[in-house]
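This is what each chain is made of:
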Amino acid sequence: MSVLPLVFTSGWASGINAYAVVLLLGVFGATGMTDEVPASLQRTDVLVVAGVLFLCEAVADKIPYVDSVWDSVHTVIRPVAGAVIGALLAGQSGSLPDLAAGAIGGSTALASHAVKAGTRMAVNTSPEPFSNIALSTAEDLGVAGIVTFAMFHPGAAAVIAAVLLAAGLAVLVFLWTRIRRFLRRRARRREERRLAAGARAATGPPG
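Draft legend 1. Summary view of the overall build of the protein chain. Within the protein chain one finds 6 helices and 0 strands. Secondary structure elements of the protein chain, listed N to C terminal, follow the sequence α-α-α-α-α-α. The C-alpha extent of the protein chain, read off along each of the three principal axes, is 75 × 35 × 30 Å. Relative to its full complement of 207 residues, the protein chain shows a buried share of 41%. Intrachain contacts of the protein chain at a sequence separation of at least 6 include 74% that bridge at least 24 residues. Put simply, the protein chain shows about 10,400 Å² of open surface, and 73% of that area lies on carbon and sulfur atoms. Each charge class in the protein chain can be summarised by its mean position, and for the 17 positive and 13 negative side chains these summaries are 15 Å apart.

Draft legend 2. Structural detail: helix 5 (residues 130-152). Compared with the 33 Å implied by 1.5 Å per residue over 23 residues, the 34 Å span of helix 5 between its first and last C-alpha is a close match. For helix 5, every residue scored as buried is listed here: Asn-132, Ser-136, Glu-139, Asp-140, Val-143, Ile-146, Val-147, Ala-150 and Met-151.

Draft legend 3. Molecular detail of the pattern of salt bridges. For the structure on display, the rule yields 10 salt bridges. Across the pair Lys-116 and Asp-61 runs a salt bridge, and its minimum N-O distance is 2.9 Å. With Lys-116 in helix 4 (residues 98-123) and Asp-61 in the loop between helix 2 (44-60) and helix 3 (66-93), the pair connects residues that are 55 residues apart, well separated along the chain. Residue class for Asp-61 comes out buried when judged on its relative accessible area of 1%.

Draft legend 4. Focus on the packing of helix 1 (residues 4-30) against helix 4. Packing of helix 1 against helix 4 leaves a shortest axis separation of 7 Å and a crossing angle of 35°. Once helix 1 is placed against helix 4, the crossing between them reads as right-handed. From helix 1, Leu-4, Val-7, Phe-8, Gly-11, Trp-12, Ser-14, Gly-15 and Ile-16 reach across to helix 4, where they touch Ala-101, Ile-104, Gly-105, Thr-108, Ala-109, Ser-112, His-113 and Lys-116. For the contact of helix 1 with helix 4, the class distribution of residues is 8 nonpolar, 7 polar and 1 charged.

Draft legend 5. Spatial organisation of the packing of helix 4 against helix 5. With their axes 10 Å apart at the nearest point, helix 4 and helix 5 run at an angle of 160° to one another. By the angle between their directions, the pair helix 4 and helix 5 is classed as roughly antiparallel. Relative to helix 5, the crossing made by helix 4 is right-handed. Side by side, helix 4 and helix 5 meet where Lys-116, Thr-119, Arg-120 and Val-123 of the first sit next to Ser-131, Asn-132, Leu-135, Ser-136 and Glu-139 of the second. A per-class count over the contact of helix 4 with helix 5 returns 2 nonpolar, 4 polar and 3 charged.

Draft legend 6. Just unusual backbone geometry, in detail. Even without being glycine, Tyr-65 reaches a positive phi, approximately 75°. By the secondary structure assignment, Tyr-65 is in the loop between helix 2 and helix 3. Classification of Tyr-65 by relative accessible area gives partly exposed; the value is 39%.

Rules used throughout
Residues numbered from 1 in each chain as written. Predicted model: local features only at pLDDT ≥ 70, side-chain atom pairs only at ≥ 80, totals over all residues. Heavy atoms only, no water. Helix = DSSP H or I, 4+ residues; strand = E, 2+ residues; numbered from the N terminus. Buried < 20%, exposed > 50% of the residue type's maximum accessible area, 1.4 Å probe, protein only. Contact = heavy atoms within 4.5 Å. Areas by Shrake-Rupley, 256 points an atom, 1.4 Å probe, with all protein chains shown as cover. Lys, Arg positive; Asp, Glu negative; His and termini not counted. Charge placed at Lys NZ, Arg CZ, Asp CG, Glu CD. Expected span 1.5 Å × (residues − 1). Salt bridge = Lys/Arg side-chain N within 4 Å of Asp/Glu carboxyl O. Axes fitted to C-alpha atoms, helices over the stretch in contact; angles between N-to-C directions. Left-handed = near helix turned anticlockwise from the far one by under 90°. Nonpolar A, V, L, I, M, F, W, Y, C, P; charged D, E, K, R; others polar. Parallel < 35°, antiparallel > 145°, perpendicular 65-115°, else oblique.

Such coordinate-based values are descriptive only and should not be taken to indicate function.
Structure below.
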């Protein structure tokens, strides 16, 4: 079970920024900082793709509303990435069955993704863009710091990740009312656009 803390931490981090996790783990493994990272994550092509996608996420995640669209697309990608990374880490160490590690990594990633996406919806109800930039930057730094810390102190990093996940879920429950208002406004705008388009189509082009 020695790999379990790293699997949990990487799952939590994958739910926030899966590409950063793949990139960091691959770099740590390729530079010889740890023996816990499987060779498949250290491949040059994997690191290049992860780096490019990380840069795309770094930009998209700081733009209001674009970040929520990006999160929606990654509702499947982040949990799957967490499960795959967890299974690979477990297979590398042989101390935890791959299926169990995948389930832990995937479910943890899904929970932290829900916190990230829900919190971002609440932040997007504010008209100014600076809160998005600040929150995204804090998330990127948090993922980098905790994944790096997990390389040397996996148990302590897992405790920090668990505390952050619990706190995030509590905040998400608190913000749920604000999120619902955001979703209702977005649905209303879509309906207004649909009705306006229908009205234009009914009147036809000017004679």
